[in-house]
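Tertiary structure, described
Each chain, written out:
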Amino acid sequence: QVQLVESGGGLVQPGGSLRLSCAASGSIFSIYVMGWYRQAPGKQREMVANIFSSGTTNYAVSVKGRFTISRDNAGTTVYLQMNSLRPEDTAVYYCNLIQPDGKEYWGQGTQVTVSS
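In short, a report on the structure. For every chain, the first residue of its written sequence is number 1, and the numbers climb from 1 along that sequence. In keeping with the model being predicted, local features are shown solely for residues with a pLDDT of at least 70 and side-chain atom pairs are shown and tallied solely at 80 or more, while totals for entire chains, interfaces and linings include all residues. Each side-chain value is derived from all of the structure's non-hydrogen atoms; neither hydrogens nor water enter the calculation.

What follows concerns the side chain of D89. Each helix is a run of H or I in the DSSP string that is no shorter than four residues. Each strand is a run of E no shorter than two, and both are numbered from the N terminus. In this fold, D89 is placed in the loop between β8 (77–82) and β9 (91–98). Using a 1.4 Å probe on the protein chains alone, a residue whose accessible area is under 20% of its type maximum counts as buried, one over 50% counts as exposed, and one in between counts as partly exposed. Among the residues examined, D89 registers a relative accessible area of 1% and is labelled buried. Each polar contact in these results corresponds to two N or O atoms within 3.5 Å; when the atoms are within protein, one needs to be able to donate a hydrogen and the other to accept it, and residues that are neighboring in sequence are counted only if both atoms are side-chain atoms. Only 3.0 Å separates the side chain of D89 from the side chain of R38, close enough to count as a polar contact. Here a residue-residue contact requires only that any non-hydrogen atoms of the pair lie within 4.5 Å. Residues contacting D89, with those up to four places away along its chain left out, are R38, R66, F67, S84, V112 and V114.

This is the structure in C-alpha cells:
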C-alpha cells in the first residue's frame, strides 16, 4: 500500500501564492507518474498538473504559466507552486500517484480557497 499525505492548503487572497506538498510513503517500488487534481463544488475532478518519472510535466490550460509542479530528489514528494491565484482556483486539491503496474492512489485532499 502507498499513502499520500498532502499539506499546504489554506485561504489566500486573489493574486496570492500557495505551495502544496504531497509526500508518498509505504510500498513504493516505483512511480510512473505523480500529479495534482482538483475538484470544485458541483464540478468534476480535473487534472491540474502531473510529472512523470522521466521528468516530463503536463499542465491544465487554465493553470499553465501560473502553477509549477516539481519533485524532490527521491521522487517521492511532489510540490505544486501556485502563483497568481484566482477565485476559480478554489477547490479541494488531491494528490495522485500511479505505479507502472497501474495501481493508483489518492491523497485525502487539501482545501484551497481563493477569496478576498
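Picking up where we left off.
The residue L20 is located in strand β3 (residues 18–26) in this model. Residues L20 and I69 lie 49 residues apart in sequence; the distance between their C-alpha atoms is 9.4 Å. Apart from the residues within four sequence positions on either side, L20 is in contact with S7, G8, G9, W36, V78, Y79, L80, M82, Y93, T110 and V112.

Here the focus is the packing of aromatic side chains. Under the pairing criterion, centres of Phe, Tyr and Trp rings, with the six-membered ring standing for Trp, must be within 6.5 Å; the plane angle then separates stacked pairs below 30 degrees from edge-to-face pairs above 60, leaving the rest tilted. Applying the stated criterion across every chain yields a total of two aromatic pairs. Centroid distance Y32 to F52: 5.2 Å. Interplanar angle 80°. Geometry classified as edge-to-face. Taken together, the residues Y32 in the loop between β3 and β4 (33–39) and F52 in strand β5 (residues 46–52) connect sequence positions 20 residues apart. By relative accessible area, Y32 is classed as partly exposed at 42%. Among the residues examined, F52 registers a relative accessible area of 18% and is labelled buried.

Before going further, it helps to spend a moment on the nonpolar core. Working definition of a nonpolar core: buried Ala, Val, Leu, Ile, Met, Phe, Trp, Tyr and Cys residues. They are joined through side-chain atoms within 4.5 Å. Core analysis: the largest hydrophobic core is formed by 28 residues, its most contacted members being L4, M34, W36, L80, M82 and Y93. Listed by contribution, the elements that provide at least two residues to this core are β1 (2–7), β3, β4, β5, β7 (67–71), β8, β9 and β11 (110–114). When neighbours within four sequence positions are excluded, M34 is seen to be in contact with L4, C22, A24, N50, I51, I69, G75, T76, V78, C95, N96 and L97.

Note: strands within a sheet are paired through backbone hydrogen bonds, in either parallel or antiparallel orientation. Note: two strands are recorded as paired if DSSP finds a minimum of 2 bridges between them. Ordered by their spatial adjacency, four strands build an open sheet running β1-β3-β8-β7, and the pairing between neighbours is antiparallel. The open sheet terminates on both sides in strands that have one partner only, identified here as β1 and β7. When the angles between neighbouring strand axes are averaged without regard to direction, this sheet yields 15°. Two strands pair when backbone bridges link them, and β1 and β3 are joined in this way by six bridges, in the antiparallel orientation. Bridging across to β3, E6 finds its partner in C22. Structural elements are reduced to axes, namely lines fitted to C-alpha atoms, with helices fitted over the stretch in contact, and the angle between N-to-C directions of any two is expressed from 0 to 180 degrees.

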